[in-house]
Amino acid sequence: MSKPDFQERLRRLEEKQHKSAPQVERPPASDKRERLQRALEATDAAGISRAESFPPFHKFLFKLGFTPKPFFYMSSLWLMVIGGGVVFLIFGGVLYSEIGATIKRGPVAGLYRVGWQGVYLITVITAIGFSVYHKVRAKKAGLPRWRDL
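In this text, all values refer to a predicted model and were calculated from it rather than measured experimentally.

Draft legend 1. Spotlight on the side chain of H58. When you line up the elements, H58 lands in helix α4 (residues 56-63). The class for H58 is buried, based on a relative accessible area of 5%. The contact partners of H58, leaving out residues within four places of it in the chain, are S53, P68, K69, F71 and M74.

Rendered as structure tokens:
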């Protein structure tokens with residue numbers, strides 16, 4: 001193949017790439033389940049795993065008839081409540097139950113040393129971190145807003 005033929009072929013290929021099909025605007029979702037499906041498609045397209053965007057507890061709620069939003073579409077407040085709530089239930093539960101009162105070394109002993117103030121501080125830091133992580137990741141992935149699905 002001669003160089004001019006190659007250049008012509010390359011030019012045609014570039015033109016085909018620039019002439020993409022017209023973008024067809026999808027109508028707004030008719031219900032929450034359709035929005036959820038579109039949200040999961042968007043997270044899949046962004047390379048975010050289903051296990052991260054829609055964990056097993058969400059799947060359980062979905063089977064019960066609820067339609068929870070994936071983490072990347074929740075508000076910052078809800079993300080803080082969920083992240084902080086889980087951490088507080090675990091650490092506060094261990095501290096309250098006195099399961100590790102006899103343990104002298106390790107993370108459980110450290111939890112007893114910091115006491116309730118430490119649990120509150122860990123809960124707040126984790127809640128903020130959980131929210132910031134999901135919001136930044138959604139922004140970097142270019143995910144649409146929930147209402148735009």
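Draft legend 2. Up close: unusual backbone geometry. Positive phi values are uncommon outside glycine, yet E98 reaches one of about 60°. Residue placement: E98 occurs in the loop between α5 (76-97) and α6 (107-141). Relative accessible area serves as the criterion here: at 54%, E98 is assigned to the exposed category.

Draft legend 3. Examining helix α2 (residues 32-45) more closely. Spanning 14 residues, α2 covers 20 Å between terminal C-alpha atoms, matching the ideal 20 Å at 1.5 Å per step. Taken as a whole, α2 has its buried residues at L36, R38, A39, L40, A42 and T43. Its buried side turned inward, α2 meets α3 (50-53) and α4. Positive phi appears at G47, one or two residues downstream of α2, with a value of about 85°.

Scoring rules and cut-offs
- Residues numbered from 1 in each chain as written.
- Predicted model: local features only at pLDDT ≥ 70, side-chain atom pairs only at ≥ 80, totals over all residues.
- Heavy atoms only, no water.
- Helix = DSSP H or I, 4+ residues; strand = E, 2+ residues; numbered from the N terminus.
- Buried < 20%, exposed > 50% of the residue type's maximum accessible area, 1.4 Å probe, protein only.
- Contact = heavy atoms within 4.5 Å.
- Expected span 1.5 Å × (residues − 1).

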